[in-house]
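Architecture at a glance
Listed below are the residues making up each chain.
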Amino acid sequence: MSRQKKITIYQVAQQAGVAISTVSRVLNNSPNVSQATKDKVNEAIKNLNFRPQVSARNLASRKPQMLAIAVPSFTTPYYTEVLKGVKDEIDDLDLDIVIYNTGSKNPEEGVENFFNRGTADTIITISIDITDTVHEQLQSSEIPIVLIGSSHPMYNYFELNNRKGGFMAGEHVVKQGFKSMGMILPALKTKASFLRHQGFVDALREFKMPVEDKFFIRGESTKHAGFTEEAGFEAIYEFDKMGEFPEVIFCANDTLAIGAYHAISKLGLSIPDDIALMGYDNIKFTKYLDLTTVDQKMYSVGVEATKRLAQIIRSDDSHKVQKTIDPVLIPRGSTKRNS
């Protein structure tokens with residue numbers, strides 16, 4: 001006679017549609033679980049005839065053990081800078097870290113798949129919008145979470161003011177005296193690039209400057225949502241095929257600007273004498289190109305978000321911290337107007 005397979009806490013979590021840590025909180029009669037969630041878990045326990053071991057009960061009695069960081073990419077300069085801030089601050093929390101790459105083309109779907117695994121005790125998301133599905137998953141798991149680069153009324157977040165950054169870029173090039181302006185955008189239409197474009201165009205219109213659609217070009221490469229050096233390089237050659245360049249080009253991020261910078265040089269043109277150029281993010285390399293950019297304070301945002309997560313873990317603080325971080329213009333020689 002075959003022996004019946006033992007039911008585990010993982011199967012209970014799957015049937016109840018919650019995280020493993022939530023099941024263990026119910027087993028320990030934690031007050032930090034809603035009655036509806038308790039009912040779902042207890043129903044699954046009853047249906048599966050689950051008999052918890054001591055180790056399963058102990059899961060919830062300890063502090064969080066695993067921090068998951070969900071991020072569309074961890075190889076681009078923007079994300080690595082944010083991750084540095086998280087890493088440098090997380091040492092004091094004694095947490096293991098897993099970085100989950102959701103992919104850039106559909107990060108929301110990627111993070112939904114990650115939450116379905118129910119493996120983390122606490123989470124930081126970077127530049128991922130909280131869909132209704134993810135919101136439901138988070139509500140059922142009831143684990144601490146902090147959002148970076150996105151916002152939601154139910155969660156702690158540190159949003160980046162992309163529209164203001166785009167407006168600052170537009171205002172800067174107008175005040176430098178340029179009369180025709182263009183922009184290089186990523187191939188995929190992301191929320192960040194949309195808001196930077198919106199802010200840039202709003203500034204041009206506010207200062208009664210022309211907005212010419214032909215000077216707003218997207219690269220072809222879709223890797224990292226199109227925020228790459230290759231895409232910036234491609235876009236410059238699109239301008240070249242058109243046979244006309246604006247006086248200044250604003251790139252939706254610094255990696256696009258670096259690719260554009262190289263293409264402009266390959267064409268035998270000079271920055272800023274022939275074409276002025278600026279980026280967005282203020283990654284380290286821009287300093288050595290003398291590239292005007294917009295600083296998003298990426299490292300400090302990572303630090304600040306992790307400090308907030310530490311407060312939630314240590315004191316079970318239910319107060320919501322919801323901040324929008326304003327960027328800072330970093331003017332350099334690449335947009336210096338010839339007198």
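Right above here is the structure, for reference.
In what follows, the accompanying structure is described. (Residues numbered from 1 in each chain as written. Predicted model: local features only at pLDDT ≥ 70, side-chain atom pairs only at ≥ 80, totals over all residues. Heavy atoms only, no water.)

Side note on the pattern of salt bridges
Between side chains of opposite charge, a pair can form as their charged atoms come close. If you walk through the whole model with that rule in mind, you get eleven salt bridges. In this structure, glutamate 81 engages lysine 84 in a salt bridge whose closest nitrogen and oxygen atoms are separated by 3.6 Å. With glutamate 81 and lysine 84 both in helix 5 (residues 77–90) and three residues apart, the pair spans about one turn of that helix. Overall, the relative accessible area of 26% leaves glutamate 81 in the partly exposed class. On the basis of relative accessible area, lysine 84 is assigned to the partly exposed category, the value being 45%. Through salt bridges that share partners, Asp129, Glu159 and Lys191 make up one connected network. (Salt bridge = Lys/Arg side-chain N within 4 Å of Asp/Glu carboxyl O. Helix = DSSP H or I, 4+ residues; strand = E, 2+ residues; numbered from the N terminus. Buried < 20%, exposed > 50% of the residue type's maximum accessible area, 1.4 Å probe, protein only.)

Re a nonpolar patch on the surface
On the surface, a nonpolar cluster with roughly 240 Å² of combined accessible area is contributed by Phe74, Ile97 and Ile99. With respect to the helices and strands, isoleucine 99 occurs in strand 2 (residues 96–101). Here isoleucine 99 falls in the partly exposed class, since its relative accessible area comes to 39%. (Patch = residues over 30% accessible without salt bridge, like charges linked within 9 Å, V, L, I, M, F, W, Y side chains within 5 Å. Areas by Shrake-Rupley, 256 points an atom, 1.4 Å probe, with all protein chains shown as cover.)

Some remarks on the sheet that holds strand 11 (residues 322–325)
Pairing is parallel across the open sheet formed by six strands, whose spatial order is 2-1-3-4-5-11. In this open sheet, the two edge strands, each paired with only one partner strand, are strand 2 and strand 11. Ignoring which end each strand starts from, the neighbouring axes of this sheet average 15° apart. The pairing of strand 3 (residues 122–126) with strand 4 (residues 145–148) spans four bridges and is parallel. Note that in strand 4 the partner of isoleucine 124 across the bridge is valine 146. (Pairing = 2+ DSSP bridges. Axes fitted to C-alpha atoms, helices over the stretch in contact; angles between N-to-C directions.)

Digging into the packing of aromatic side chains
Evaluation of the coordinates by the stated rule reveals seven aromatic pairs. Between phenylalanine 200 and phenylalanine 250, the aromatic rings sit 4.9 Å apart at their centres with planes inclined by 40°, giving tilted as the arrangement. Of this pair, phenylalanine 200 sits in helix 9 (residues 191–206) while phenylalanine 250 sits in strand 8 (residues 248–251); the two residues are 50 residues apart in sequence, bridging distant segments of the chain. For the pair phenylalanine 200 and phenylalanine 250, a shared accessibility class is recorded, and that class is buried. A network of ring pairs unites the aromatic residues Phe200, Phe216, Phe250 and Tyr280 as a single cluster. (Phe/Tyr/Trp six-rings, centres within 6.5 Å; stacked < 30°, edge-to-face > 60°.)

Here we look at the packing of helix 1 (residues 9–16) against helix 3 (residues 35–48)
In contact at an axis separation of 9 Å, helix 1 and helix 3 are set at 125° when each is read in the N-to-C sense. Of the possible angle classes, the one that applies to helix 1 and helix 3 is oblique. Handedness of the helix 1/helix 3 crossing: right-handed. Contacts from Gln11, Val12, Gln15 and Ala16 of helix 1 reach helix 3 at Lys40, Val41, Ala44, Ile45, Asn47 and Leu48. Considered class by class, the residues forming the contact of helix 1 with helix 3 number six nonpolar, three polar and one charged. (Parallel < 35°, antiparallel > 145°, perpendicular 65-115°, else oblique. Left-handed = near helix turned anticlockwise from the far one by under 90°. Contact = heavy atoms within 4.5 Å. Nonpolar A, V, L, I, M, F, W, Y, C, P; charged D, E, K, R; others polar.)

A few points about the side chain of threonine 125
Structurally, threonine 125 is set in strand 3. With a relative accessible area of 1%, threonine 125 lands in the buried category. If near-sequence neighbours (up to four positions away) are discounted, threonine 125 is found in contact with Ala70, Ile145, Val146, Leu147, Ile148 and Ser150.

Brief notes about the packing of helix 8 (residues 162–175) against helix 9
With their axes 6 Å apart at the nearest point, helix 8 and helix 9 run at an angle of 40° to one another. The angle between the axes of helix 8 and helix 9 places the two elements in the oblique class. Where helix 8 crosses over helix 9, the handedness of that crossing is right-handed. Across the interface between the two elements, Asn162, Arg163, Gly166, Phe167, Ala169, Gly170, Glu171, Val173 and Val174 from helix 8 touch Ala192, Leu195, Arg196, Gln198, Gly199, Phe200, Asp202, Ala203, Leu204 and Glu206 from helix 9. Looking at the contact of helix 8 with helix 9, its residues break down into nine nonpolar, five polar and five charged.

Some points on the nonpolar core
Among the nonpolar cores identified, the biggest contains 68 residues, and Ile126, Met181, Ile184 and Phe200 are the most heavily contacted of them. Top contributing element to this core by residue count: helix 13 (residues 298–315), with seven residues. Phenylalanine 200 has contacts with Gly166, Phe167, Ala169, Gly170, Val173, Met181, Gly182, Met183, Phe216 and Phe250, leaving out every residue within four places of it along the chain. One finds Ala70, Ile130, Leu138 and Ile145 within the second-largest nonpolar core, a separate group that totals 15 residues. (Core = buried A, V, L, I, M, F, W, Y, C linked by side-chain atoms within 4.5 Å.)

Focus on helix 1
For helix 1, the complete set of buried residues consists of Ile9, Val12, Ala13 and Ala16. Along the long axis of helix 1, the arc covered by the buried residues comes to 100°, so they all point the same way. Structural note: helix 1 exposes Tyr10 and Gln14 on the side pointing more than 90 degrees away from its buried face. One or two residues past the end of helix 1 sits glycine 17, with phi positive at roughly 75°. (Arc of directions from axis to C-beta.)

So, the sheet that holds strand 7 (residues 216–218)
The pairing of strands in a sheet happens through backbone hydrogen bonds and is either parallel or antiparallel. Pairing in this open sheet of four strands is parallel, and the strands run 7-6-8-9 from one edge to the other. The open sheet has two free edges, formed respectively by strand 7 and strand 9 (276–278), since each of these has just one partner strand. Between one strand and the next, the sheet's axes are offset by a mean angle of 20°, whatever the strand orientation. Examined bridge by bridge, strand 6 (residues 181–185) and strand 8 share four bridges and lie parallel to one another. Within the sheet, the bridge partner assigned to methionine 181 lies in strand 8 and is valine 248. Here helix 9 sits on the sheet in contact with strand 6, strand 7 and strand 8, set at roughly 175° to strand 6.

Limitation: the analysis is restricted to geometry and does not speak to function.
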